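# Overview (structure and organization)
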Amino acid sequence: MQRMARYKEVIGQMLAAGTAYHCYTSIEALDALRAEQEANKEKPRYDGLWRPEPGKTLPAIPPGLSPVVRFRNPAAGVVAWDDLVKGRIEISNAELDDFIIARADGTPTYNFCVVVDDWDMRISHVIRGDDHVNNTPRQINLLQALGAPVPRYGHVSMILGDDGTKLSKRHGAVSVMQYDENGYLPEAVLNYLARLGWSHGDEEIFSLEQFVEWFDLDHITASAAQFNTEKLNWLNAHYIKLADDARLGGEIVRRLAEEGVTVTAGPDPALIAALYKDRVVNLNELADCAHPFYAAVHPSEELAAQHLTAAAKAALADLRGRLAGVEWVAAELAKVLKETLASTGLKMPQVAIPLRVALLGQPQSPAIDRVLAVLGRDEVLKRLERLV
RNA sequence: GACCCUAUCGUCUAGAGGCCUAGGACAAUACCCUUUCACGGUAUGAACCGGGGUUCGAAUCCCCGUGGGGUCGCCA
């Protein structure tokens, strides 16, 4: 705490001015008091034993006990402010007790420090979470006792978890880094969070620049909002479609590396990004899609039994024969595929699906000619030979 | 328990007394597209928490109730 000297200075001034006083009630005595008040269903609060009043005789100072310093909160009246998001809020001083501004060891407490800091830094606007509204009247009273200007306050509501309950470590991300790990693009997270609890007419999708331009305190919702992963997913899918292939390729590399998969021997990751970007919801899914392009594929027994039938294998063998000399571009590969259909008398899905299983270990994929083009001649022939 | 905040489709929200037969988006459902699965397109269903006021007129203002959230530390 580099500002300790300043805090002590202010505390000294308040003691001298009579806006603060020493209190010798021990922690144990305070605990007992609280317990008693709770038992009586009263609001737990300091009883004002050491608060100086005109004509009041204070108890004898107990020996060997260091006092805390308490703020002498106004006894009557109300403290009110026009909250930038919630409107006028009034709280009766009778609800506020004399809170501690310096502990027995002399260190100042939070509510005191922030007030002195705000004052020294000439803070004009305090925008913070809802959970601070109850601190605001104390801080305003302190500021006024100090003769300091009172900033404008705006209290933004809390975000609830997907299930409507309070956000916790168990559900909902606590750290923004969690979103990266879960495959979310930063622009999607920003857009989603911006739109949660704030609006600009019917706009759903906007850039950082637009957000900066449009944002205002007037359109912040006063009530708590529930987090909705599905909508975040939708935005994420949207931004993935927009993202540059090379950037997405980089994400594939990074995420595959965490699984111990290297891409150096396989196709350019940007090509795979182009192939899959408009069908995935997050970057981890994208990496999963890319996986079979860089690692050996082993179709499950169930898939093999279902799709790699004798007829299918014959068709794949036919195709393999035609693949050897063809120009390796999607359009030409599609022609070759049609030749196989003609010669075997099968329909497209009857060949394409076994081909997907053989090549990627999955019965679904983007257009098969594009997959072939990206996978590459050598790898395609190698994988077909192993199975057929 | 006390005090404070809050309340429109399942969810995020538009709405600042008449423009509201309540708009948009996600999700849902149906159909279309399709070489599979997705993507995409089109369409449909879906809400003003309840009760009292105020007013010619209320989703919008006031009161009460109820629900939800927050705070009650020599924590921050």
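Cut-off values and rules
- Residues numbered from 1 in each chain as written.
- Chains lettered and ligands numbered in written order.
- Predicted model: local features only at pLDDT ≥ 70, side-chain atom pairs only at ≥ 80, totals over all residues.
- Heavy atoms only, no water.
- Helix = DSSP H or I, 4+ residues; strand = E, 2+ residues; numbered from the N terminus.
- Rg over C-alpha atoms; globule rule 2.2 N^0.38 Å.
- Buried < 20%, exposed > 50% of the residue type's maximum accessible area, 1.4 Å probe, protein only.
- Contact = heavy atoms within 4.5 Å.
- Areas by Shrake-Rupley, 256 points an atom, 1.4 Å probe, with all protein chains shown as cover.
- Lys, Arg positive; Asp, Glu negative; His and termini not counted.
- Charge placed at Lys NZ, Arg CZ, Asp CG, Glu CD.
- Core = buried A, V, L, I, M, F, W, Y, C linked by side-chain atoms within 4.5 Å.
- Polar contact = N/O pair within 3.5 Å; in protein donor to acceptor, adjacent residues only side chain to side chain.
- Pairing = 2+ DSSP bridges.
- Right-handed = clockwise from strand over helix to strand, strands pointing away.
- Near = heavy atom within 4 Å.
- Nonpolar A, V, L, I, M, F, W, Y, C, P; charged D, E, K, R; others polar.
- Axes fitted to C-alpha atoms, helices over the stretch in contact; angles between N-to-C directions.
- Phe/Tyr/Trp six-rings, centres within 6.5 Å; stacked < 30°, edge-to-face > 60°.
- Lys NZ or Arg CZ within 6 Å of the ring centre and 35° of its normal.
- Parallel < 35°, antiparallel > 145°, perpendicular 65-115°, else oblique.
- Left-handed = near helix turned anticlockwise from the far one by under 90°.

Of the regular secondary structure elements, chain A holds 17 helices and nine strands. On C-alpha atoms alone, chain A measures out to a radius of gyration of 34 Å, which is more than a quarter above the 21 Å that the 2.2 N^0.38 rule sets for 388 residues. Seen through its principal axes, chain A has C-alpha atoms that stretch 110 × 45 × 40 Å. Taking all 388 residues of chain A together, the buried fraction comes to 42%. Considering only intrachain contacts with a sequence separation of at least 6, the fraction spanning at least 24 residues in chain A is 69%. Of the roughly 20600 Å² of accessible surface on chain A, 54% is carried by carbon and sulfur atoms. On chain A, the mean spot of the 41 positive side-chain charges and the mean spot of the 52 negative ones are 1 Å from each other.

On to the nonpolar core. If you look at the biggest cluster of nonpolar residues, it comprises 57 residues, and the most contacted ones within it are Phe293, Leu323 and Leu355. Broken down by element, the residue count for this core peaks at seven residues, all from helix H15 (residues 348-360). Among all residues touching Phe293, those that are not within four sequence positions of it are Pro267, Ile272, Leu275, Tyr276, Leu360, Val371, Val374, Leu375 and Arg383. Core analysis: the second largest hydrophobic core is formed by 26 residues, Ala20, Val79, Cys113 and Tyr153 among them.

Right, let's get into the side chain of Asn233. Mapped onto the elements of the fold, Asn233 is located in helix H8 (residues 229-242). Accessibility expressed as a relative area gives 19% for Asn233, which makes it buried. Among the polar contacts listed, one links the side chain of Asn233 to the side chain of Tyr184, at a separation of 2.5 Å. Beyond its immediate stretch of four places on either side in the chain, Asn233 contacts Tyr184 and Val281.

Of the strand pairs in this sheet, strand S6 (residues 125-129) and strand S7 (residues 152-156) are connected by five bridges, and their pairing is parallel. Within S7, the position partnered with Val126 by the bridge is Tyr153. Of the crossover connections in this fold, the one passing from S6 over helix H4 (residues 136-146) to the parallel S7 is right-handed.

Before going further, it helps to examine the protein's contact with RNA strand B. Neighbouring RNA strand B are 53 residues, the closest being Arg103, Lys166, Gly197, Arg279 and Ser365. When atoms of RNA strand B within 4 Å of the protein are split into backbone and base, the sugar-phosphate part holds 68%. In this structure, a sugar or linking oxygen belonging to RNA strand B sits 3.1 Å away from a side-chain N or O atom of Asn134. In this structure, a phosphate oxygen belonging to RNA strand B sits 3.5 Å away from a side-chain N or O atom of Trp234. Breaking the surface near RNA strand B down by element, the ones donating at least two residues are helix H2 (27-39), strand S4 (87-92), helix H3 (110-120), strand S9 (225-226), H8, H15 and helix H16 (368-375). The element best represented in the surface near RNA strand B is H8, accounting for four residues. Across the surface near RNA strand B, the residue classes break down as 19 nonpolar, 15 polar and 19 charged.

So, about the sheet that holds strand S1 (residues 20-23). If you walk across this open sheet you meet the three strands as S1-S2-S5, and the pairing is antiparallel. The open sheet terminates on both sides in strands that have one partner only, identified here as S1 and strand S5 (100-102). Sheet twist, expressed as the mean angle between neighbouring strand axes with direction ignored, is 45°. With two bridges connecting them, strand S2 (residues 68-71) and S5 associate as antiparallel partners. Across the sheet, residue Val69 finds its bridge partner in S5, namely Ala102.

In this model, Lys41 sits at a positive phi of 60°, which is unusual for a non-glycine residue. If you trace the backbone, Lys41 turns up in the loop between H2 and S2. Look at Lys41 and you get exposed, because its relative accessible area is 77%. Not every positive phi belongs to a glycine, and Arg122 is a case in point at roughly 50°. Within the element layout of this structure, Arg122 appears in the loop between H3 and S6.

Our focus in this paragraph is the packing of aromatic side chains. Applying the stated criterion across every chain, the model contains 13 aromatic pairs. Measuring from centroid to centroid gives 5.7 Å for Trp198 and Phe206, while their planes differ by 90°, and the two rings are edge-to-face. A ring pair is formed by Phe206 and Phe211, whose centres lie 6.0 Å apart and whose planes are at 25°; its orientation type is stacked. Accessibility classification places Phe206 together with Phe211 in one group, the buried group. Through successive ring pairs, a cluster of aromatic residues spans Trp198, Phe206, Phe211, Trp214 and Phe215. Here the basic side chain of Arg6 rests over the ring of Trp119, its NZ or CZ set 5.5 Å away from the ring centre.

Okay, the packing of helix H14 (residues 330-344) against H16 next. One way to put it is that H14 packs onto H16 with a least axis distance of 8 Å and a crossing angle of 120°. Comparing the axis directions of H14 and H16 gives the class oblique. By crossing handedness, the relation of H14 to H16 is classed as right-handed. In this structure, H14 contributes Ala330, Leu333, Ala334 and Leu337 to the contact, and H16 contributes Ile368, Asp369, Arg370, Leu372 and Ala373. Looking at the contact of H14 with H16 residue by residue, the class counts come to seven nonpolar, no polar and two charged.

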